[in-house]
Amino acid sequence: MVDEKTYTLIDGRKIAAQIKEEITQRVQELKQEGKKVPHLAIILVGDDGASQTYVDHKVKACKEVGFHYTMMRFADTISEEKLLKHIDQVNKDSDVDGFIVQLPLPPHISVERITEHIRPEKDVDGFTNRNFGSIVSKNPLLMPATPFGVMELFKRYNIETEGKSCVVVGASRLVGAPLSMMLIEHGRATVTVCHKYTVNLAHFTRQADILVVAVGKPGLITADMVKEGAVVIDVGTTRVEGPQFKNGYALKGDVDFTAVAPKCSFITPVPGGVGPMTIASLLLNTLRATELRNP
Ligand code: GUN
C-alpha cells in the first residue's frame, strides 16, 4: 500500500482575513479615541491589466477595514519629473499616512529614483533603502510587505524557524533579499540565498527545512528538489494566459504543487497563499505609519 502523506495547506486568505478583522477593530478604537483614521494613497501609472487587478484588491481591502484611500492614476506617458512632483505632494499631504507606487513602471521611469523619493515614514510597501536597512534595526520602521507577510505566516502557523535550514530561491530587492535578512535577524534561521546564477540549484533546495521560492518561473521547483517534510512557501505569481482559464489567464506559482505537496509538512497554494498576505501587510504597515505619525 502506498504510504499516504498528509500536509497542512497554509491558508493565506484565512490568515489575511483574521488580520483584516484585527485591523477593523483597531480602526473602531481609533475612531472612539478621536484619533486619525488611516489613509492610504495609491499611485497607478499606465493601464497594465495585472497592476489594475492588484490595485483593485488593495482598494477593496481599504474599504473592508475602514481606511480612507485615494487613487491617483496617470497615463504611461507621464515624465519621471512630473511623477516625482506628484510624489512630493503626497509626501507633504498631512492627511495621507502611507502611499504606494504600483510597479511595474513604464521603462522610461527609474523605479529606484521613484522609490527613493517616497518618505520612508510613508513607504508602506517598505521598498525604500531606509526601510530595507531597518530590517536589521532593533525597532524596524516599516517592513517590506511581502516578506513581512511570509514571516507572519510562519508565526501564525507556529512554524519554528530558529536554527532551521532555510533556503530562499530568488534574491530580488523586493522579496528574496529582505526575506533572507528577516529570517536571519528575526527568525534566527540558517539562511542560504540562491539566484539565477546558482549552479546546481537542486543541491541547495534539497537541504531546506524551509524552502521559499520567489522567482516567477512556473514549475521551477519539482518534487525531486524538495526534502521530505519540508515547509514550502511559494511567492511566485505568474499570469499564464490560455483559453482554458476563466478570465483568459491563471496565476501560477514557482512550485509544481501537485507533485511537491505530498512531500511537505506545510505548503502554500497559489493563488491563496502568500498573495493575500501582501495586502494584509500593506494594511498593517499603513496602520503602523498612522500610529507612528499620530501617537
Ligand atoms: N507590483 C507587484 N507587487 C507589488 C507590490 O507589492 N507593491 C507595489 N507597489 N507594486 C507591486
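Not measured: the values here are computed from a predicted model.

Considerations on the overall build of the protein chain
Looking only at helices and strands, the protein chain has 10 helices and 11 strands in total. The C-alpha radius of gyration of the protein chain comes to 19 Å, within 12% of the 19 Å expected for a compact globule of 295 residues. When the backbone C-alpha atoms are referred to their principal axes, the protein chain occupies close to 65 × 45 × 35 Å. Taking contacts inside the protein chain between residues at least 6 apart in sequence as the whole, the part at least 24 apart equals 70%. Of the roughly 14,300 Å² that the protein chain leaves accessible, carbon and sulfur atoms contribute 53%.

Re the site of the ligand
Neighbouring residues of the ligand: Lys58, Val101, Gln102, Leu103, Asp125, Phe127 and Thr278. At 2.8 Å from a nitrogen atom of the ligand is found a main-chain nitrogen or oxygen belonging to Val101. At 2.9 Å from a nitrogen atom of the ligand is found a main-chain nitrogen or oxygen belonging to Leu103. Taking 280 Å² as the accessible area of the ligand by itself, protein coverage stands at 79%.

Side note on helix 7 (residues 176-185)
Judged by how many residues are buried, helix 7 sits mostly within the fold: seven of 10 residues are covered. Residues Gly176, Ala177, Pro178, Leu179, Ser180, Met182 and Leu183 constitute the buried set of helix 7. The elements touched by buried residues of helix 7 are helix 5 (129-133), helix 6 (145-156), strand 5 (165-169), strand 6 (190-194) and strand 7 (210-213).

Some points on the pattern of salt bridges
Applying the stated rule across the entire model yields 17 salt bridges. For Glu29, the salt bridge goes to Arg26, with nearest N and O atoms at 2.7 Å. With Glu29 and Arg26 both in helix 1 (residues 12-32) and three residues apart, the pair spans about one turn of that helix. For Arg26, a relative accessible area of 21% gives the class partly exposed.

Focus on the nonpolar core
Note that soluble globular proteins tend to have their nonpolar side chains buried in a common cluster. If you look at the biggest cluster of nonpolar residues, it comprises 52 residues, and the most contacted ones within it are Ile23, Phe67, Phe154, Ile159, Leu183, Ile233 and Val235. Looking at this core element by element, the count peaks at seven residues for helix 10 (residues 275-293). Not counting residues within four places of it along the chain, the set of residues in contact with Leu183 comprises Met151, Phe154, Thr161, Cys166, Val168, Arg188, Ala189 and Val191. Counting residues in hydrophobic clusters, the runner-up holds 18 residues, among them Val169, Val213, Ile221 and Val232.

So, the sheet that holds strand 4 (residues 98-101)
Spatially, three strands are ordered 3-2-4 in an open sheet, and the strand pairing comes out parallel. Looking at strand neighbours, the two that pair on one side only are strand 3 (68-74) and strand 4, the edges of this open sheet. Neighbouring strand axes in the sheet, compared pairwise and without regard to direction, differ in orientation by 15° on average. Both strand 2 (residues 39-45) and strand 4 contribute to a ladder of four bridges, which runs parallel.

Quick notes on the pairing of strand 8 (residues 230-234)
Within strand 8, five of the five residues are buried, which leaves it mostly tucked inside the rest of the structure. Burial of the side chains of strand 8 extends over both faces: Ala230, Val232 and Asp234 are buried on one face and Val231 and Ile233 on the other. Two elements, strand 7 and strand 8, share four bridges in a ladder whose sense is parallel. Of the residues in strand 8, the one forming a bridge with Ile210 is Val231. Of the strand pairs in this sheet, strand 8 and strand 11 (residues 264-267) are connected by three bridges, and their pairing is parallel. For Ala230, the partnering residue across the bridge sits in strand 11 and is Cys264.

Reading guide: rules and limits
Throughout this description, residue numbers start from 1 for each chain and increase along the sequence as written. Local features in this predicted model are restricted to residues of pLDDT 70 or higher, and side-chain atom pairs are both shown and tallied only at a pLDDT of 80 or more, whereas totals for entire chains, interfaces and linings draw on every residue. Hydrogens and water are ignored here; the side-chain numbers use all heavy atoms of the structure. A run of H or I in DSSP becomes a helix once it reaches four residues, and a run of E becomes a strand once it reaches two; helices and strands are each numbered from the N terminus. The atom set for the radius of gyration is the C-alpha atoms, and the globule formula is 2.2 Å times the number of residues raised to the power 0.38. The criterion used for residue contact is that any of the two residues' heavy atoms lie within 4.5 Å. Accessible surface is estimated by sampling points in the Shrake-Rupley manner with a 1.4 Å probe; for residues, cover comes only from the protein chains shown. Whether a residue is near a molecule or strand is decided by its heavy atoms; if any one of them lies within 4 Å of it, the residue is near. In protein, a polar contact means a hydrogen-donor-capable atom and an acceptor-capable atom, both N or O and within 3.5 Å, with residues adjacent in sequence counting only if both atoms are side-chain atoms; elsewhere, any N or O pair within 3.5 Å suffices. Only protein chains enter the area calculation, which uses a 1.4 Å probe; residues under 20% of their type maximum are buried, those over 50% are exposed, and those in between are partly exposed. Salt bridge, as used here: a side-chain nitrogen of Lys or Arg that lies within 4 Å of a carboxyl oxygen of Asp or Glu. For the purposes of this section, nonpolar cores are sets of buried Ala, Val, Leu, Ile, Met, Phe, Trp, Tyr and Cys residues that join through side-chain atoms within 4.5 Å. Should DSSP find at least two bridges between two strands, the strands are taken to pair. Inter-axis angles, ranging from 0 to 180 degrees, are taken between N-to-C directions of lines fitted to C-alpha atoms, where helices are fitted over the stretch in contact.

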